[in-house]
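Spelled out from the first residue to the last, the chains are:
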Amino acid sequence: MPNNTASTQKRIVVAGDSAGGNLAAAVSLRLNSRKFPIPPIAQVLIYPALQMLELKFSAHLQNTIFIKMPVLCIHILAYLGVGEDLLPAMLANNHTTAATKAKYASVFDVSILPEKYRSNEYRKPVHEGTPEAVRRVQDKVLDPFVFPLVASDELIRGLPCAYIVTAGLDALRDDGFFYAHKLRKQGVDVEHVDYPEGYHPFLMQIDGPFTNRLADRTLDNIAKYVQQKVKSG
């Protein structure tokens, strides 16, 4: 191996969008927990799916055009290896108990969101969950290596710096805001860029008949961030 590439090959950046953003965040957590000898120097999370404990956030209520909640929930159930018979419970937000949701209330504090993204429709859950759904789903959505937003402070500390992209018209939008806040609280350097006009998955429209300038601009900004981290890492 040429000597002039040896140092470059130690500069790893993990990145992904949507479910890929979930995986990038989970990989970063896992490597951090195991003190991987060559940890990533950065993580790039593009409108990531980071939790499924609560499905009545402002973004879920406001943004139902580009991601339909039944479709989102079906994907979640498939990812968790759980049957679609639990779809009604998921749509009703009854797949986890009110007590469990309350435990993570500070993580999901609506005041973290910009005022324009807060919804008056949200009500704190009082239902104790559908027993069968809770039995089959709750433990899975509380696994931080499946959904990183529920990770403990200990797991978060020491994570690589993060570049988080959120889209204003995305049902997953709030996950990015909450995770950026959670990382910063534990001393992780975060650059969070929100595109109010963005939707899910606008980055895929980098070319083709529906090409948009927002995708170009976003990719340029991500490339600049990664280049800077690789050079300084």
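Use the structure listed above.
Now for a look at the structure at hand. Bear in mind the structure is a predicted one, so any value in this text is a computation, not a measurement.

### Here we look at the sheet that holds strand β1 (residues 13–17)
A sheet is described by the order of its strands in space; here 4 strands give the open sequence β1-β2-β3-β4, paired in parallel fashion. The open sheet has two free edges, formed respectively by β1 and β4 (190–195), since each of these has just one partner strand. The sheet shows a mean angle of 5° between the axes of neighbouring strands, direction not considered. As judged from the 5 bridges shared by strand β2 (residues 42–46) and strand β3 (residues 161–167), these two strands associate in the parallel manner. Considered in β3, the bridge of I46 is made with V165. Lying over the sheet, helix α2 (residues 19–33) contacts β1 and β2, oriented at roughly 150° with respect to β1.

### Re the pattern of salt bridges
Two side chains bearing opposite charge may form a pair once their charged atoms approach each other closely. Taken as a whole, this structure holds 5 salt bridges when the rule is applied. Between D85 and R136 there is a salt bridge, with its nearest N and O atoms 2.8 Å apart. Taken together, the positions of D85 in the loop between α4 (69–80) and α5 (87–91) and R136 in helix α7 (residues 131–141) put the pair 51 residues apart, joining distant regions of the chain. Linking R135 and E132 is a salt bridge whose minimum nitrogen-to-oxygen distance equals 2.8 Å. Taken together, the positions of R135 and E132, both in helix α7 and 3 residues apart, correspond to about one turn of that helix. Given a relative accessible area of 58%, R135 falls into the exposed group. When its relative accessible area of 35% is taken as the criterion, E132 is described as partly exposed. Within the structure, one salt-bridge network assembled from shared partners comprises D85, E132, R135 and R136.

### Things to note about α4
In a regular helix each residue adds 1.5 Å, so 12 residues correspond to 16 Å; α4 covers 16 Å between its end C-alpha atoms and thus fits that length. Next to the buried residues of α4 lie α3 (58–62), α5 and α7. Note on α4: the residue one or two positions beyond its end, G81, has a positive phi of about 70°.

### What to know about the packing of aromatic side chains
Here the structure, examined in full by the defined rule, presents 10 aromatic pairs. Relative to Y199, the ring of F66 lies with its centre 4.6 Å away and its plane at 20°, an arrangement referred to as stacked. Residue F66 is located in the loop between α3 and α4, and its partner Y199 is located in the loop between β4 and α10 (213–232); the two are separated by 133 residues in the primary sequence. A network of ring pairs unites the aromatic residues Y47, F66, Y195, Y199 and F202 as a single cluster. If you follow R30 out to its NZ or CZ, it ends over the ring of F145, 3.7 Å from the centre. One residue, R173, lies across the ring of Y117, its end atom 3.9 Å from the ring centre.

### Some points on the environment of M69
Looking at where M69 falls in the secondary structure, it is placed in helix α4. Residue class for M69 comes out buried when judged on its relative accessible area of 14%. Not counting the four nearest positions on each side in its chain, M69 is found in contact with L55, H60 and L91.

Thresholds, definitions, all that
Residues numbered from 1 in each chain as written. Predicted model: local features only at pLDDT ≥ 70, side-chain atom pairs only at ≥ 80, totals over all residues. Heavy atoms only, no water. Pairing = 2+ DSSP bridges. Helix = DSSP H or I, 4+ residues; strand = E, 2+ residues; numbered from the N terminus. Axes fitted to C-alpha atoms, helices over the stretch in contact; angles between N-to-C directions. Contact = heavy atoms within 4.5 Å. Salt bridge = Lys/Arg side-chain N within 4 Å of Asp/Glu carboxyl O. Buried < 20%, exposed > 50% of the residue type's maximum accessible area, 1.4 Å probe, protein only. Expected span 1.5 Å × (residues − 1). Phe/Tyr/Trp six-rings, centres within 6.5 Å; stacked < 30°, edge-to-face > 60°. Lys NZ or Arg CZ within 6 Å of the ring centre and 35° of its normal.

Interpretation note: all reported values are geometric properties and have no functional meaning in isolation.
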